[in-house]
Amino acid sequence: SLALGLGVHMQPNLFQGGGLATFYGQNLNHNIGFWPRSKTCKTFPTNDDGVTVRDCIGDNGFCCAEYDDDKDSSRTTALILLKVPYSIGFIAALFLHLLLP
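This is a predicted model, so every value here is computed, not measured.

Trainee: Break down helix H4 (residues 85-99) for me, citing the residues and quoting the values.
Mentor: A rise of 1.5 Å per residue sets the reference length of H4, with its 15 residues, at 21 Å; its end C-alpha atoms lie 21 Å apart and thus fit the reference within 8%. Looking at H4, one finds that the buried residues are Ser 87, Ile 88, Gly 89 and Ala 92. Against helix H1 (2-10) and helix H3 (69-83) lie the buried residues of H4.

Trainee: Could you give me a rundown of the packing of H1 against H4, with the residues and numbers involved?
Mentor: One can describe the packing of H1 onto H4 by two numbers: an axis separation of 8 Å at closest approach and a directional angle of 155 degrees. When the interaxial angle is binned, H1 and H4 end up roughly antiparallel. For H1 against H4, the interelement crossing comes out right-handed. Judged by residue contacts, Leu 4, Gly 5, Val 8 and His 9 of H1 engage Pro 85, Ile 88 and Ala 92 from H4.

Trainee: For the environment of Leu 79, give the residues involved together with the corresponding values.
Mentor: Assignment of secondary structure puts Leu 79 in helix H3. Setting aside chain neighbours within four positions, we find Leu 79 in contact with Phe 15, Gln 16 and Phe 34.

Reading guide: rules and limits
Residues numbered from 1 in each chain as written. Predicted model: local features only at pLDDT ≥ 70, side-chain atom pairs only at ≥ 80, totals over all residues. Heavy atoms only, no water. Helix = DSSP H or I, 4+ residues; strand = E, 2+ residues; numbered from the N terminus. Expected span 1.5 Å × (residues − 1). Buried < 20%, exposed > 50% of the residue type's maximum accessible area, 1.4 Å probe, protein only. Contact = heavy atoms within 4.5 Å. Axes fitted to C-alpha atoms, helices over the stretch in contact; angles between N-to-C directions. Parallel < 35°, antiparallel > 145°, perpendicular 65-115°, else oblique. Left-handed = near helix turned anticlockwise from the far one by under 90°.

What follows is the structure in structure tokens.
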């Protein structure tokens, strides 16, 4: 569990696709990663022709018209648990303790 926690500390962006710090980060979070934000979208935007656009390429963050709040909060919780070394180390230690008392 210590090695897993240190590994997550060295690569915290493993589960999140791209992060929020870059200019293109909102598009990367929408399209790629462990749990893409496109899976939590309730209503996708339409372009001028009336065609629904499900991917976010070149829109600079406007990828979804309305998000499902329950799915989005579950996604955020799971990503925080997987990105923080203390929480992933605790979860691994808990499961190891249950398997090997």
